[in-house]
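Architecture at a glance
Here is what each chain is made of, one letter per residue.
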Amino acid sequence: MSIGNSPAEERPSDDGPSLGETLRRARTKAGLRVEDLSASTRIRVPLVQAIEKDDFSRCGGAVYARGHLRALARAVGLDPEPLLARYDAEHGGAPLPTPGAPLFEAERIRPDRRRPNWTAAMVAAIVAVVAFVGFTFVSGGDEPAGAKRHAAEGAPAGSSSPSPSATASPSESPSPANPAESAVAAVPADKVTVKLSVPERRSWVSVKDHTGRSLFDGVLEQGQHKTFTDAEQVDLVLGDAGAVRVSVNGKPITDKFRPGQVQRLSYTKGDPSEG
């Protein structure tokens, strides 16, 4: 499948507008700037400009090119299906479908604890009580009644009040920390920290640092999570953005992505911004 064709080679042979020109005209008619389109689709400005010039070589493959076309068409009010069909016809046909993840029962994360044996526990408790009563009966004649009362109450003989150290002041009990504040405090303030998790289904993800070096490129299986840190910026490509939960610098990203949607994201030390 040809992906890296030059803009000139990707233009159709007829006299009608190309894919990129069709998107550009629709955007202009809708009164949108390239920056507005980038903000609503989370596709970077240079990539939007390249697609409007029919340069799909920067999309990273046919799957991503089709995803960007679909997102841009919807953002400017066009039906994406005719555009996708035209793209497939001009670029060697639709990509082969990726086999879906097999349905399977989620693995147990916590061990299956056995149910407590209450019968054995009750027998042990009865034996302990009988032993204690027998010991008290045998040794009861050697101790005064006051001592026996204190022993039964758990206080030493001759003691009229509990020890000050045995009584804890309610004000000394540590208050539990706010989980959200603890998560933010746990990440380094001089770096950007991104955590990805896939609680419901698997997704392919790609992660790069600010120099373009790959930190991860592969599939996160259901239930997995990974954390990435860089001094300046972390760039993400989410193959199924609806399946991925993103947390940046200890704060969850609340954007709602659609299942199967391809998203390219970038985060820095100041993200997510306040407000």
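Cut-offs and rules
Along every chain, residues carry numbers that run from 1 in the direction the sequence is written. Where local features are concerned, this predicted model is filtered to residues with pLDDT of at least 70; where side-chain atom pairs are given and counted, the filter is 80 or more; whole-chain, interface and lining totals use all residues. Side-chain figures throughout are based on the complete set of non-hydrogen atoms in the structure, without hydrogens or water. Segments assigned H or I by DSSP are reported as helices when at least four residues long, segments assigned E as strands when at least two residues long, and all are numbered from the N terminus. Partly exposed residues are those whose accessible area sits between 20% and 50% of the maximum for their type, while under 20% is buried and over 50% is exposed, using a 1.4 Å probe and protein chains only. For this analysis, residues touch if any pair of their heavy atoms sits within 4.5 Å. Each pair of aromatic rings taken from Phe, Tyr and Trp, with Trp reduced to its six-membered ring, is defined by centres within 6.5 Å and is described as stacked if the planes are under 30 degrees apart, edge-to-face if over 60, and tilted in the remaining cases. The rule for a charge over a ring is simple: NZ of Lys or CZ of Arg within 6 Å of the ring centre, and within 35 degrees of the ring normal. Grouping buried Ala, Val, Leu, Ile, Met, Phe, Trp, Tyr and Cys residues that are joined through side-chain atoms within 4.5 Å yields what is termed a nonpolar core. A fitted line through C-alpha atoms represents every axis, and for helices the fit uses only the stretch in contact; the resulting angles, taken between N-to-C directions, go from 0 to 180 degrees. Our angle categories are set so that under 35 degrees counts as roughly parallel, over 145 as roughly antiparallel, 65 to 115 as roughly perpendicular, and the remainder as oblique. The arc in question is traced by the directions running from the helix axis to the C-beta atoms. Candidate patch residues must exceed 30% relative accessible area and have no salt bridge, after which like charges are joined if within 9 Å and Val, Leu, Ile, Met, Phe, Trp or Tyr side chains if within 5 Å. Reported accessibility uses the Shrake-Rupley method at a 1.4 Å probe radius. Residues are deemed covered only where the shown protein chains occlude them. Salt bridge, as used here, is a side-chain nitrogen of Lys or Arg placed within 4 Å of a carboxyl oxygen of Asp or Glu. Between the first and last residue of a helix there are one fewer steps than residues, each counted as 1.5 Å, and that sum is the expected span. At least two bridges found by DSSP between two strands are what make those strands a pair.

Within the protein chain, the regular secondary structure consists of 9 helices and 8 strands. The 275 residues of the protein chain split such that 31% are buried. Long-range pairs, those at least 24 residues apart, make up 64% of the contacts in the protein chain between residues at least 6 apart in sequence.

To continue, consider the packing of aromatic side chains. For the coordinates displayed, the defined rule picks out 3 aromatic pairs. With a centroid separation of 5.1 Å and 70° between ring planes, the pair formed by Phe56 and Tyr87 is classed as edge-to-face. Within this pair, whereas Phe56 is found in the loop between helix H4 (45-52) and helix H5 (62-75), its partner Tyr87 is found in helix H6 (residues 80-90), the two being separated by 31 residues in sequence. For the pair formed by Phe56 and Tyr87, the shared burial category is buried. Lying over the aromatic face of Tyr64, Arg264 brings its terminal NZ or CZ to 5.7 Å of the ring centre.

It is characteristic of soluble globular proteins that their nonpolar side chains tend to be buried jointly. In terms of nonpolar packing, the biggest core is built from 21 residues, with Leu23, Ile51, Phe56, Leu69, Leu72 and Tyr87 touching the most fellow members. Elements supplying a minimum of two residues to this core: helix H2 (19-29), helix H3 (34-41), H4, H5 and H6. For this core, the element with the most residues is H5, which contributes 6 residues. Judged by nonpolar contacts, the second largest core, of 20 residues, contains Val198, Phe216, Leu265 and Tyr267.

Two elements in contact, H2 and H6, have axes separated by 10 Å at closest approach and are oriented at 155°. Judged by the inter-axis angle, H2 sits roughly antiparallel to H6. Residue-level inspection shows Leu19, Thr22 and Leu23 of H2 in contact with H6, the latter providing Leu83, Arg86, Tyr87 and Glu90.

This paragraph deals with H3. Those residues of H3 that fall on the buried side of the exposure criterion are Val34, Leu37, Ser38 and Thr41. Projected onto a plane normal to the axis of H3, the buried residues spread over an arc of 100° and lie on a single side. Seen from the buried face of H3, the exposed residues on the opposite side, beyond 90 degrees, are Ala39 and Ser40. For H3, the elements touching its buried residues are H2, H4, H5 and strand E8 (263-268).

On to a nonpolar patch on the surface. Side chains of Val129, Phe132 and Val133 sit close together on the surface and give an oily, nonpolar patch of about 290 Å² of accessible area. With respect to the helices and strands, Phe132 occurs in helix H7 (residues 118-139).

Before going further, it helps to examine the environment of Lys53. Relative to the helices and strands, Lys53 resides in the loop between H4 and H5. Between the C-alpha atom of Lys53 and that of Arg24, which follows or precedes it by 29 residues, the distance is 8.7 Å.

This brings us to H5. Taking 1.5 Å of rise per residue, 14 residues should cover 20 Å, and H5 covers 20 Å from first to last C-alpha, within 8% of that figure. When H5 is considered as a whole, its buried residues turn out to be Ala62, Tyr64, Ala65, Arg66, His68, Leu69, Ala71, Leu72 and Ala73.

Turning our attention to the pairing of strand E1 (residues 192-197). It is a general feature of regular strands that their side chains alternate between the two faces of the sheet. The sheet contact formed by E1 and strand E4 (residues 225-230) spans 6 bridges and is antiparallel. Its bridge partner lying in E4, Ser197 is registered against His225. Bridge analysis of E1 against strand E6 (residues 245-248) gives 4 bridges, and the strand direction is antiparallel. Its bridge partner being in E6, Lys195 is matched across the sheet by Ser247.

Function cannot be inferred from these measures alone, as they are strictly geometric.
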